[in-house]
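Residue-level structural notes
Spelled out, the chains give:
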Amino acid sequence: MDEEDRRIETHPDLVDPNWQKHAELDAWLGAKKELKKKRRKQRKAAASGGGYREPGSSRWPGIAAIAVLIVLVVLVVAAVTVNAVQERGVNETPWFPLDESQITRLVTDA
C-alpha cells in the first residue's frame, strides 16, 4: 500500500459518493443487532428466575453439600440408636474371661 492510499481523502472506501449513507446503514444495523442481543439476554434472564447470575455459578455444589449433611445426620442418628439398643459389644468384654463373682467363688472354694 503506497502513501497515496493511506491518505483519508483518497482512501478507496471513502471515494464512493454514497459512503456516508453506507456508513450510517452499517452503524444502524450494528446497533439493531446489539439491541436484539440485549433483549434476548433479558428474556433469557427473566425466564430463568430473573436477575443475572455470575458466569460459571451453579446450584449443584450447594445441593450436594445439603445432601452430604443429611446423610451425616442420618448416620449419626443410626449409630446412636444402634448403640442404645445393643447390649454388650465385643470391645466391652473384660480382658479377663472370668467375672468377679466367679473369682470370689474360686478363691473361697480353694
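Residue positions within a chain follow its written sequence, with the count starting from 1. In keeping with the predicted nature of the model, local features appear solely for residues at pLDDT of at least 70, side-chain atom pairs appear and are counted solely at 80 or more, and the whole-chain, interface and lining totals rest on all residues. Only heavy atoms go into the side-chain values, all of them from the structure, while hydrogens and water stay out.

1. Details of the overall build of the chain
This is how it is decided: Helix and strand labels come from DSSP, where a helix needs a run of H or I of at least four residues and a strand needs a run of E of at least two; each type is numbered from the N terminus. A simple rule labels every residue: compare its accessible area, found with a 1.4 Å probe on the protein chains alone, to the largest value its type can have, and call it buried under 20%, exposed over 50%, or partly exposed in between. Using the Shrake-Rupley algorithm and a 1.4 Å probe, accessible areas are obtained, with residue cover drawn only from the displayed protein chains.
A tally of helices and strands in the chain yields 4 helices and 0 strands. For the chain, the N- to C-terminal ordering of α and β elements is α-α-α-α. Across the 110 residues in the chain, those meeting the buried criterion constitute 2%. Of the accessible surface of the chain, which amounts to about 10,800 Å², a share of 61% is contributed by carbon and sulfur atoms.

2. A closer look at a positive patch on the surface
Selection criterion: Put simply, a patch holds well-exposed residues, over 30% relative accessible area, that have no salt bridge, with like charges counted together within 9 Å and Val, Leu, Ile, Met, Phe, Trp or Tyr side chains within 5 Å. We count a salt bridge whenever a side-chain nitrogen from Lys or Arg sits within 4 Å of a carboxyl oxygen from Asp or Glu. When charges are counted, Lys and Arg are positive and Asp and Glu negative, with His and the chain ends excluded. The atoms used to mark charge sites are NZ of Lys, CZ of Arg, CG of Asp and CD of Glu.
A cluster of like positive charges, contributed by Lys32, Lys33, Lys36, Lys37, Arg39, Arg40, Lys41 and Arg43, occupies part of the molecular surface. With respect to the secondary-structure elements, Lys33 resides in helix α2 (residues 19-47).

3. Regarding the confidence of the model for the chain
So the rule is basically this: Looking at any residue, its pLDDT shows the predictor's confidence there, from 0 to 100.
Put simply, the chain has an average pLDDT of 77, and 66% of its residues get 70 or more. Put simply, helix α1 (residues 3-6) is where the chain has its lowest mean pLDDT, 61, and helix α3 (residues 60-85) is where it has its highest, 91.

4. Some remarks on a nonpolar patch on the surface
Where nonpolar side chains cluster on the molecular surface, the patch consists of Val68, Val71, Leu72 and Leu75 and spans about 370 Å² of accessible area. Tracing the backbone through its elements, the reader meets Val71 in helix α3.

5. Quick word on α3
Worth spelling out the cut-off: Expected helix span is given by 1.5 Å per residue-to-residue step, counting one fewer step than there are residues.
Over its 26 residues, α3 runs 37 Å from end to end, which matches the ideal 38 Å to within 8%, given 1.5 Å per residue. Little of α3 sits out of view: just 0 of its 26 residues are buried.

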